Amino acid sequence: MKINTPIFVFTLLFHLAAICQTNPTDEHCQQIHLPGGWFTYSSYVQAENMDAEIMMNSIDDNLLILKNNNGDAYLTEWDFNGIGELDFRQGYQIKTNAPDILEICGLKMQPEEHEIPIESGWNSVSYLKDVPTSAEEVMQGLTDNENLIILKDFEGMAYFPGLNFNAIGNMQPGQGYKLKINTTGTINYLADNETNRPLTYEPVIALKDIASFPIGMSLQAKNITQNPRYSNALKRDFNSLSAEYEMKMGTIYKGINQYDFSAGDAIVNFAKENGFRVFGHALVWHASIPNWLNNFDGSDQEFENLIETYIKATVTHFAQEKTIINGEEVSVVAGWDVVNEAFTNQAENAVFRQRMGEDYVAKCFTWAREVDSDVKLFYNDYNLEFDFTKVNQVTNMIDDFRANGIPIDGVGLQTHINISYPPIATFQNCLNLLLEKDVLIHFSEIDMTINRGGDITELTYERALSQENRYKEIAELYSNVPAEKRFGITFWGMRDNESWLLNFWDNQNEYPLLYDSNYNFKIAHRGFVEGLH
């Protein structure tokens, strides 16, 4: 890398000044992640010296070319600077030969103080906010008079206001944008306290009508038998159901040859009447064992016989209710979590492994298949989004099953995630390991904590926006799973106030789902919609 000593010393002092500033809104360092290849970047920071050579000094080793709106270029290899001073209001095309980080330190712009003039035709513009904001909001001044024709990001995603189509979603800090307008105009940002930043929105299309795979919801029978408002919201957006707990052993298995299927039947009947499928959750789970069975004092063989009888009776019962899909008669219950969370300390010490042996999971899958040759059989677990040890346990189990003729069709990743963890790249790597085993993939219990630290007492726009972006990432991730391997996504709860996470984390100020307590669509729902497109 070329180092000009006076410039280097100046830059170092400038960085130290930024770090030592007492007012973080004045001096600021912005890191812009360049993906490698072509990218359009922008910054909300104005450096002390905006000369292109100084601004690009830290990435000279990787920089190939920098271009402005007029086509003027800065070429490091030729030591040619045809741009001169950069303008923070403009977006710049940049090409690097590898991913890199461009850091710009200086005065952080207050967007509302800087009008961006736009010429008729094509322009490359900067995005001046330090948080994502919807393209509709930023471009409102150009759309009110129908001046904006198109806005594009560096990947070619577009916002067409005339068609009410927004594939960009939120404009992102660090990215520049190309836009085309009919006549001259301006972008004028509103101050944060002036901006209408709603936490909810009104979708124009249902989730189930966008997705090319089933969109599910967990529920209790009372939700659909006693709450018409819930039922209507359910029927609008979803086409798959999972019982929260009423199709588990702890609810159904009342005694030897004694079963209570009534709650599960209510869910299945609702599904049949309204065009839903049902996913059975879960046949065997160490945390849902009826007391009489946990304390059964018969022999181990007698205990195993009780489990076999239960699995076969339950799968047989729920296989009886049929529906017609694509002209073919199929069971309303399309799949089962046969065993849930076997790779945990609790499961290791639970009665199933103790009394049935290390191969109890394989036995359960075998018994389920013996009474239903069509139903899809899943293994379900948490932390498969980032715990490579557990992922390897599951993939090894699949290999062992197939080597020994044990049936298994799919894996459920519960997807109880946080707003910032796991990184999407980690999630993708874990997912790839499972996909290598040629199994169906079900994001089976998705929700998202956004207030683990308890630092907010009500949902803020900034936190809601981060959740929106995170749900978009998850929808995009699943949409890239090969179509033949997508079993569906199931949300673990509809409204924030009814989520199990509030009690699990002992925090009533948690907001993990797509709907608020009044059935309003949170902007998290919008993010999920955008990710499905």
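Since the model is a prediction, treat every value here as computed from it, not as a measurement. (Residues numbered from 1 in each chain as written. Predicted model: local features only at pLDDT ≥ 70, side-chain atom pairs only at ≥ 80, totals over all residues. Heavy atoms only, no water.)

Helix and strand content of the protein chain: 19 helices and 32 strands. The dimensions of the protein chain, computed from C-alpha atoms along their principal axes, are 85 × 50 × 45 Å. Counting contacts in the protein chain only where the partners sit at least 6 residues apart, residues at least 24 apart contribute 76% of the total. Counting every atom, the protein chain has about 23500 Å² of accessible surface; 46% of that belongs to carbon and sulfur. (Helix = DSSP H or I, 4+ residues; strand = E, 2+ residues; numbered from the N terminus. Contact = heavy atoms within 4.5 Å. Areas by Shrake-Rupley, 256 points an atom, 1.4 Å probe, with all protein chains shown as cover.)

So, about the sheet that holds strand β14 (residues 165–166). An order of β10-β16-β12-β13-β14 is seen for the 5 strands of this open sheet, with the pairing classed as antiparallel. The open sheet has two edge strands with one neighbour each: β10 (121–125) and β14. For β10 and strand β16 (residues 177–181), the ladder comprises 5 bridges, and the chain directions are antiparallel. Residue W122 lies in a different strand from β16, and its bridge partner there is K180. (Pairing = 2+ DSSP bridges.)

The contact between helix α16 (residues 424–435) and helix α17 (residues 461–479) brings their axes to 11 Å, and the two run at 25°. When the axes of α16 and α17 are compared, the pair comes out roughly parallel. When you trace α16 past α17, the crossing you get is right-handed. Counting all contacts with α16, which are made through I424, F427, Q428 and L431, the residues of α17 involved are R470, E473, I474 and L477. Split by residue class, the contact of α16 with α17 holds 5 nonpolar, 1 polar and 2 charged. (Axes fitted to C-alpha atoms, helices over the stretch in contact; angles between N-to-C directions. Parallel < 35°, antiparallel > 145°, perpendicular 65-115°, else oblique. Left-handed = near helix turned anticlockwise from the far one by under 90°. Nonpolar A, V, L, I, M, F, W, Y, C, P; charged D, E, K, R; others polar.)

It is the contact of α17 with helix α19 (residues 523–532), at a shortest axis distance of 7 Å, that shows an interaxial angle of 25°. Classed by the angle they form, the pair α17 and α19 counts as roughly parallel. As for how α17 packs across α19, the hand of that crossing is right-handed. For the pair formed by α17 and α19, the contact residues are Y461, A464, L465, Q467, E468, Y471, K472, A475, E476 and S479 on the first element and I523, A524, R526, G527, F528, E530, G531 and L532 on the second. For the contact of α17 with α19, the per-class residue count stands at 9 nonpolar, 4 polar and 5 charged.

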